[in-house]
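# Architecture and fold: a report
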Amino acid sequence: METTSGLQSKVVRDLAWLIQAPPVLSEHAGMQLLALPDAAAERATQDWLVSLDQDPQELLSALGAQSGVRRLGFYAAALTQFWLENGPSWDTRRSLSAVPLSSGRSRITAGQLKLVCLRPREALHVESSVKFFADASSEEAPDLGTSSYVGPFLHENLAWRLAEARRKVTCTESLSVQDFLRRELGQVQLRSVYFLKGYIFKPLEEFRRFRKLRSPPKEVNPECSTGWYTTDISAALNLTPGARLAVLPKLFWLGPAVARGDPPVILGEDLPGQQEAVATDWPDKVRQDVEEHFGKVQSALLLCELMPSTDGLWVEHSRGFVLPPVWDPTSLMTGQPQGMKSTAEHEPSAPDAPSKWSNQRRKYSERLADTARQPAPSLADAGVHIAVPQRLSEDLTAQHLTSYVLAAKSAARKGDGSRIQRKRLLHGAVQESEALQQLVEVSHPSDSHFLLELLVKPSEVGLAVRDCSLTFEAQPCAARRILDLGIAGGVCLRLAVKFAFRFQFSWDSVDTASAASLFEAALASDRSRLAGLVEYLAACSSLTLPVGSELSTAILQKLALPPADFAVLDLLCQHSPEHTMELTDILVSHGQLKLARKIEARRGDGSAPRVAVHESPEELPEIRLPAEVEVSLISDGCGLDALLQHLAEAGESVVGMDAEWKPWEGRGSDRGGSPVQLLQLAWAEVVYLLDMPALVADAELKLVQLLEILCSPSCILVGFNLEGDLRQLADSYPWLMSGAWRSTIEAVEMSGTSASLDGLCASVLGLRLEKSQQRSRWDLRPLSAQQLAYAALDAWVLLALLGARDSHLELPSLRTLASLPYGHAKRFTRRLELDGGVCAVASTLASLSQGKALQALVREHRSQVVVCKTLACVATLAAGARRLCLAVLPESAEMSLAQLTSSLGCASARLASTEELREHFRQPRGSVGPIGPALPKATVVLHQPLAENSLLSCGGGSPGWHLNLSPQQLQDWTDCIVAPIVAPIAS
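From a predicted model like this one, the values you see are computed outputs, not experimental measurements.

## Here's the deal with the overall build of the chain
Helix and strand content of the chain: 36 helices and 30 strands. Per-residue burial for the chain yields a buried fraction of 53% across its 987 residues. For the chain, the accessible area works out to roughly 43500 Å², and carbon and sulfur atoms hold 50% of it.

Right, here's the structure in full:
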């Protein structure tokens, strides 16, 4: 811990821990273990880590280019790969990673070559893992060897992990694998090693007395890192006097935690899943949250103790698992390898209000395993799934189909001309074959899946349909066979349904008993098959679910698990509208509020309304703002001073927030173009109405200060569609919100159970909220008394609704309800991040030139500009790593991926997927610009002729915003590459 705590960067500390922590296994593990060769290599590695800590950008870029790093295992593997490819003493010339392997002659994937590094005298094959085990042995119980070390989530014992490791390292004994490696790396000696780092956790009372392991099996290193575990919350929280505690997300489980600041927080990194800092607190506060967690969810939490150090930091002193009372390791303590898995059938029902850690799927914990796993097949005779493409000069026949499909799968994302040519040849191969179902039946399911994709997809990008679309007409019996294979699980049922639609299959109805039987079989399979069955039965006009049945509830529960598919749920609501309310409740319980609101809109299609107090909401008494609540209109700096003083005196605050802007009256993309005119902030005793245009003109700096406080952890914001209001505010005044755009906002969203605020007031409070001023002209001044009264009540009533949510007795007065303390409101919060859009562009611009660059962000195109578009792309380097790219070209031009690939010096390039656009570029499609949150990771490429223009107009990060800048400014701010990237116009 002393070696790593001196490092500033979290990712470098994690890397240092992986390299320098004692291994879990000893030399008697039965495998060769990866280790540095000598003391000189260890010193060189320490020097390299210190240098890397001073500038970790290379490491961050390498991790950001890897897929899956938001999961702990992938993150650790990516760190290990970076060390072996770049660290001293290895001298790696080339590497191969994640090469898929099949078992024997089977085409079923059974493993992979995790990493092979080509060194001067050898090819080093490395299988690596990071694992955590609890020592469940006792002095009285018989010696069960490594099976007495069990995972905290009961997924496996250490004996199982050893068996898996031996299975994986023996894959290089396969002649097929050896031939593949010789072709790729040449004639070099092959060596296979295993790399296992982690912790072994001891019972808490034993850990207090002695931290080292007690008589470990010979396979286990007695010096490995240890921690503690317990089911007694009180004992865990009072281990060391004066310690602060933190509940660690899984991506913070590697290196020892270091906290800084006041109050101390454990800082993360700009990587998926690590941006949010981890708070530390005193034991009494943590006890409350942990007890609440175990009162709702039976999943383990990892706690760490931190003690102050001499340099003002808080450094990890110990760590341990607090386990649920139901934790029972006996199913794994068998004396032999044993693996388990979690099944949906044993998943507990979701709590009404998830705990602060349970509503973030797999971020902090896992469900306890409940079903035995079967051992994976041996890899001693494994095959390699790497196919050599057929030469384009050859005729593609049905006999070539399997090789073709495998080759096309590997090139599916390259978008090159050869793939299009091969698809044309596939057309002939399909027509020559005797029957379509034969091609599907003789292939492996994954190959069949890809074949169906080629048949279903109408055309390739950039080519006319007549040039490359398949025109094969499927016989009815062939289409029926494809559907039957999908229903039985042989191919993807959703794809089979698309195939049947594509070739105009005639659908037959399915009787109720048969549909129920199909649903029962689908429930035992994965969710994709269940979703496909919904689409199939809907196409057959046979999608009906009985109300109140266990089968219907199980179907809804499985379909609504995060992340739920709106298209499938919407289809279900169209055919069975009576289930809309139940489905909405399930989505809310899983924290999928936006999706719940969209489904709630189905009420008008037949589902029961939420308002149940009276037959008509118009009959209810009207809500009035209590007379003792003060309303203050703020339009200058003096008024803001009073508001800031109120915030300072209040300390931790619960604030109702709402915003008003000019109603949208037309069509098209200007829907969000009107800026926020009035921002309402409500406390129980006072409501402040902020005239935003006036304050922007008179007191801009004070407004920035106010917004930063509101977006800090000291304030809990309560709203109805709060995220929409905050994004509208950010899109209206991005330079004001640029200081808070990456803040983690403590938010309470009230819209989860109602489609409208007035409907929520009617159902919860039994009162009617007057909404006649909602669409009035908020851009005109002065605002009327009716508008001000409406705006104040709209924000204040949110506090009363939150208080009613907390009250379990007969509702008291509205004024009492609105006075909910901060600690009570905290139980209903979820964390909201504004991590994209024009606000992120403004923040990036502000960092580029001390705010002067903000002048480039405008609402309208300036005269004499060249309007450009920016395409988000992902490039693949020769070594397999990914690189983000922003390509700037004229608005009407078509980009050449081949020229972009050449300008970047990479192996291939493609357009970013929707998921990548959201995760890495964080700007909506159609508004992407060269400046934004993707920098500095992304490389900007400017089409060469544009560099000769005086002014360019690019996307500003949100609809209605533009970035007007010169080519020289773009080059100065981004170090962009200037190269031709536009496809030539065909003559």
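## Considering the environment of proline 264
With respect to the helices, strands and loops of the structure, proline 264 is situated in the loop between strand S8 (258–259) and strand S9 (265–266). A C-alpha to C-alpha distance of 7.0 Å links proline 264 and alanine 279, two positions 15 residues apart in sequence. When neighbours within four sequence positions are excluded, proline 264 is seen to be in contact with Arg244, Ala259, Ala279, Thr280 and Trp314.

## Things to note about the pattern of salt bridges
Tallied over the full model, the rule gives 27 salt bridges. Salt-bridge contacts for lysine 202 lead to glutamate 206; the nearest nitrogen and oxygen are separated by 3.5 Å. Residue lysine 202 shares its accessibility class with glutamate 206, and that shared class is buried. Salt bridges linked by common partners bring Lys131, Glu156, Arg161 and Arg373 together as one network.

## Structural notes on the nonpolar core
Counting 67 residues, the largest nonpolar core has Leu15, Leu34, Leu59, Trp83, Ile266 and Phe321 as its most contacted members. Residue contributions to this core peak at 8 residues, all from helix H5 (residues 72–86). The contacts of tryptophan 83, once residues within four sequence positions are left out, are Leu15, Ile19, Leu34, Leu36, Thr45, Trp48, Trp90 and Phe195. In this structure, Leu757, Tyr790, Leu801 and Leu802 belong to the second largest nonpolar core, which totals 42 residues.

## Overview of unusual backbone geometry
What is expected of a backbone is that most residues other than glycine have negative phi and most peptide bonds are trans. The peptide bond linking aspartate 262 to proline 263 adopts the cis configuration, its omega dihedral lying at 0°. By the secondary structure assignment, proline 263 is in the loop between S8 and S9. A cis amide bond links leucine 935 to the next residue, proline 936, at an omega of 5°. You can see proline 936 is positioned in the loop between helix H35 (914–921) and strand S27 (939–943). Of note in the backbone geometry, serine 541 takes a positive phi value of approximately 55° without being a glycine. Relative to the elements of secondary structure, serine 541 occurs in the loop between helix H19 (527–539) and helix H20 (550–559). Phi at aspartate 975 takes a positive value of approximately 55°, unusual for a residue other than glycine. Its location among the elements puts aspartate 975 in the loop between helix H36 (967–974) and strand S30 (977–979).

## Quick look at the environment of serine 896
Secondary-structure assignment places serine 896 in the loop between strand S25 (882–890) and helix H34 (897–904). With 84 residues separating them in the primary sequence, serine 896 and proline 980 have C-alpha atoms 8.9 Å apart. Setting aside residues no more than four positions away along its own chain, serine 896 makes contact with Ile981, Val982 and Ala983.

## Some details on the packing of helix H3 (residues 39–54) against H5
The interhelical angle for the contact between H3 and H5, taken along N-to-C directions, is 115°, at an axis separation of 12 Å. By the criterion of interaxial angle, the relationship of H3 to H5 is roughly perpendicular. Crossing hand, H3 versus H5: right-handed. Counting all contacts with H3, which are made through Thr45, Trp48 and Leu52, the residues of H5 involved are Phe82, Trp83 and Asn86. Its residues assigned to classes, the contact of H3 with H5 shows 4 nonpolar, 2 polar and no charged.

## Some points on the pairing of S27
Of all 5 residues in S27, 5 are buried, a share of seventy percent or more. Burial along S27 is two-sided: the face carrying Thr939, Val941 and His943 and the face carrying Val940 and Leu942 are both buried. Relative to S27, S25 is paired through 4 bridges, and the arrangement is parallel. Bridge pairing in S27 links cysteine 885 to threonine 939. As defined by bridge partners, S27 adjoins S30 across 3 bridges and the pair is classed as parallel. Note on S30: the bridge partner recorded for valine 941 is isoleucine 977.

## Some remarks on the packing of helix H2 (residues 10–20) against H5
One can describe the packing of H2 onto H5 by two numbers: an axis separation of 10 Å at closest approach and a directional angle of 80°. Viewed along their axes, H2 and H5 adopt a mutual orientation that is roughly perpendicular. Residues Lys10, Val11, Asp14, Leu15, Leu18 and Ile19 of H2 form the contact with H5, whose own contacting residues are Tyr75, Ala76, Leu79, Thr80, Phe82 and Trp83. Each residue belonging to the contact of H2 with H5 can be placed in one class, and the counts come to 9 nonpolar, 1 polar and 2 charged.

## Details of the packing of aromatic side chains
Under the counting rule described, the total for this entry stands at 16 aromatic pairs. Between tryptophan 778 and tyrosine 790, the aromatic rings sit 6.0 Å apart at their centres with planes inclined by 35°, giving tilted as the arrangement. Within this pair, whereas tryptophan 778 is found in the loop between helix H29 (757–764) and helix H30 (785–806), its partner tyrosine 790 is found in helix H30, the two being separated by 12 residues in sequence. Comparing tryptophan 778 with tyrosine 790 shows no difference in burial state: the two are buried. Three or more aromatic residues link up through ring pairs in this structure, and these residues are Trp17, Phe132, Phe153, Tyr199, Phe201, Trp253 and Phe321. Its end group placed over the ring of phenylalanine 252, lysine 10 keeps NZ or CZ at 4.7 Å from the ring centre. Residue placement shows arginine 244 over the ring face of tryptophan 314; its charged tip is 5.8 Å from the ring centre.

## Digging into the sheet that holds strand S16 (residues 630–634)
Think of a sheet as strands paired side by side through backbone hydrogen bonds, with each pair either parallel or antiparallel. Strand order in the open sheet made by the 7 strands is S16-S19-S18-S17-S20-S21-S22, with mixed pairing throughout. Bordering the open sheet on either side are S16 and strand S22 (830–833), each of which pairs with just one other strand. Averaged over neighbouring strand pairs, the angle between their axes works out to 30° when direction is ignored. Where strand S21 (residues 744–749) lies against S22, 4 bridges are found, and the strand directions are antiparallel. Bridge pairing links glutamate 746 to arginine 831 in S22.

## Quick look at the environment of histidine 579
Mapped onto the elements, histidine 579 comes out in the loop between helix H21 (566–575) and helix H22 (580–589). Residue class for histidine 579 comes out buried when judged on its relative accessible area of 3%. For the pair histidine 579 and proline 546, spaced 33 residues apart in the sequence, the C-alpha separation amounts to 9.1 Å. Excluding residues within four positions of it along the chain, histidine 579 makes contact with Leu545, Pro546, Val547, Ser552 and Leu556.

## Things to note about the confidence of the model for the chain
Here the chain shows a mean pLDDT of 79. Residues at 70 or above account for 79%. Taken element by element, the chain is modelled with least confidence in helix H15 (residues 465–468), mean pLDDT 34, and with most confidence in strand S19 (residues 686–691), mean pLDDT 96. Of the regions scoring below 50 in pLDDT, residues 603–616 engages in 27 contacts with residues more than four places distant in sequence or in other chains. Taken as a whole, residues 666–672 scores under 50 in pLDDT and shows 4 contacts with residues more than four places along the chain or in a different chain.

## Some remarks on the pairing of S21
In terms of burial, S21 is a largely internal element, 6 of the 6 residues being buried. Because side chains alternate across S21, one face comprises the buried residues Thr744, Glu746 and Val748, and the other comprises Ile745, Ala747 and Glu749, equally buried. Note that strand S20 (residues 715–719) and S21 share 4 bridges and pair parallel. Looking at the pairing, valine 718 lines up with valine 748 of S21.

## Comments concerning H20
For H20, the full list of buried residues reads Ser552, Ile555, Leu556, Lys558 and Leu559. Each buried residue of H20 sits inside an arc of 165° when the element is viewed along its axis, so together they form one side. On its buried side, H20 packs onto helix H18 (512–523), H19, H21 and H22.

## A short note on helix H6 (residues 158–169)
With 12 residues, H6 should cover 16 Å at 1.5 Å per step; its first-to-last C-alpha distance of 16 Å lies within 8% of that length. For H6, the tally of buried residues reaches 9 of 12 residues, placing the bulk of the element in the interior. Along H6, the positions that sit buried rather than exposed are Leu158, Ala159, Trp160, Arg161, Leu162, Glu164, Ala165, Arg167 and Val169.

Thresholds, definitions, all that
Residues numbered from 1 in each chain as written. Predicted model: local features only at pLDDT ≥ 70, side-chain atom pairs only at ≥ 80, totals over all residues. Heavy atoms only, no water. Helix = DSSP H or I, 4+ residues; strand = E, 2+ residues; numbered from the N terminus. Buried < 20%, exposed > 50% of the residue type's maximum accessible area, 1.4 Å probe, protein only. Areas by Shrake-Rupley, 256 points an atom, 1.4 Å probe, with all protein chains shown as cover. Contact = heavy atoms within 4.5 Å. Salt bridge = Lys/Arg side-chain N within 4 Å of Asp/Glu carboxyl O. Core = buried A, V, L, I, M, F, W, Y, C linked by side-chain atoms within 4.5 Å. Axes fitted to C-alpha atoms, helices over the stretch in contact; angles between N-to-C directions. Parallel < 35°, antiparallel > 145°, perpendicular 65-115°, else oblique. Left-handed = near helix turned anticlockwise from the far one by under 90°. Nonpolar A, V, L, I, M, F, W, Y, C, P; charged D, E, K, R; others polar. Pairing = 2+ DSSP bridges. Phe/Tyr/Trp six-rings, centres within 6.5 Å; stacked < 30°, edge-to-face > 60°. Lys NZ or Arg CZ within 6 Å of the ring centre and 35° of its normal. pLDDT = per-residue confidence, 0-100. Arc of directions from axis to C-beta. Expected span 1.5 Å × (residues − 1).

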